[in-house]
Amino acid sequence: MRKSGAILAAVLGVLAVLLSQLLPLRTATAAASRLRVVFRYDDYSRLSDTDLEKDIFGTVDDAGMSLVVAVIPFPGRPYPWEKDSNREEIGLGETKAGLLRTYVGRGAVDLAVHGYSHRANFDGPPGKSEFATLPLVRQRQLLVSAKEELERTMGLRIDSFVPPFNSFDDNTVIALGHVGFKLSSAGITSIQRDHESLRSLPGTLRPQRLRKTIEGAQSEGLMDALVVVTMHSFDFAESGEPLPACRMG
Ligand SMILES: [Zn+2]
């Protein structure tokens, strides 16, 4: 198995040094005045890099921490209302589901539904979206199918949602509430309308900025804070993927 040196150096090594005295292990209820860091890993699917993900999950587990994994249930699959000639190639598959089960069982992974197929239905200002602009009934249909599939595969109730491209609209928020999601994690610039049963946990940071943020919080004494670090495979050198320009600097 590849060992993820860059992961340790770029992300978790930072925490090993800086957070060992600041964060209780695997706690969701850290006391006030402690800086809390949530790691979110997006785009886990049947098609994503299994070797890399084994290393990420193993490293997180070894460090005694946990990670929110946002899973795409049906990459490439047509929508339920579309003609579908290839319904066989769907779902996570046993290898990817088994990997998640292992680390969910160890308390190192929490699951979120990451859209239906992560298709860019909308591509224009302010950016791509799978859900925004679709009618409420369609959004609800996608969310029901995605949630049911992932829950059936994992044998777990999953009530967290990460919108693809960090993008959604008012109908998404309504549909999420109808379908039974309790938490939505989009981006820091996404404004989420209040909804009685849906909490918002926006991503606030990319991993390249984690060290600076923690050091800044320490020096300013701003420790009563929560940061949500959003990660993708391209954030890890071992993926061999180029880092998008938006992640640099
Ligand atoms: Zn995504």
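Let us look at the structure shown here. (Residues numbered from 1 in each chain as written. Predicted model: local features only at pLDDT ≥ 70, side-chain atom pairs only at ≥ 80, totals over all residues.)

## Here's the deal with the nonpolar core
(1) Moving on: If you look at the biggest cluster of nonpolar residues, it comprises 45 residues, and the most contacted ones within it are V69, A70, V71, L111, A112 and L176.
(2) Moving on: It is strand 1 (residues 36–44) that provides the largest number of residues to this core, a total of five residues.
(3) Moving on: Ignoring any residue separated from it by four or fewer positions in sequence, one finds A112 in contact with V68, A70, V71, I158, S160, F161, V162 and S185. (Core = buried A, V, L, I, M, F, W, Y, C linked by C-beta atoms within 7 Å. Buried ≥ 20, exposed ≤ 12 C-beta atoms within 10 Å, placed from the backbone. Helix = DSSP H or I, 4+ residues; strand = E, 2+ residues; numbered from the N terminus. Contact = placed C-beta atoms within 7 Å.)

## Things to note about the pairing of strand 1
Put simply, side chains in a regular strand alternate between the two faces of the sheet.
(1) Moving on: Most of strand 1 sits inside the fold, with nine of its nine residues counted as buried.
(2) Moving on: Where strand 1 lies against strand 9 (residues 226–231), six bridges are found, and the strand directions are parallel. Looking at the pairing, V38 lines up with V228 of strand 9.
(3) Moving on: As defined by bridge partners, strand 1 adjoins strand 2 (residues 67–71) across three bridges and the pair is classed as parallel. From the neighbouring strand, Y41 faces strand 2, where its bridge partner is V69.
(4) Moving on: This β-α-β element, strand 1 to helix 2 (residues 50–62) to strand 2, shows right-handed connectivity. (Pairing = 2+ DSSP bridges. Right-handed = clockwise from strand over helix to strand, strands pointing away.)

## As for helix 5 (residues 170–179)
(1) Moving on: Buried residues of helix 5: T172, V173, A175, L176 and V179, and no others. One side of helix 5 carries all its buried residues, which in axial view fall inside an arc of 165°.
(2) Moving on: Residues of helix 5 that are buried make contact with helix 4 (136–154), strand 6 (160–161) and strand 7 (183–184). (Arc of directions from axis to C-beta.)

## Quick notes on the packing of helix 2 against helix 3 (residues 94–105)
(1) Moving on: Following both chains from N to C, one finds helix 2 and helix 3 inclined at 5°, their axes separated by 11 Å at the closest point. Compared by their axis directions, helix 2 and helix 3 come out roughly parallel. Here T50, E53, K54, F57 and D61 of helix 2 come into contact with helix 3, specifically with T95, K96, L99 and Y103.
(2) Moving on: Its residues assigned to classes, the contact of helix 2 with helix 3 comprises three nonpolar, two polar and four charged. (Axes fitted to C-alpha atoms, helices over the stretch in contact; angles between N-to-C directions. Parallel < 35°, antiparallel > 145°, perpendicular 65-115°, else oblique. Nonpolar A, V, L, I, M, F, W, Y, C, P; charged D, E, K, R; others polar.)

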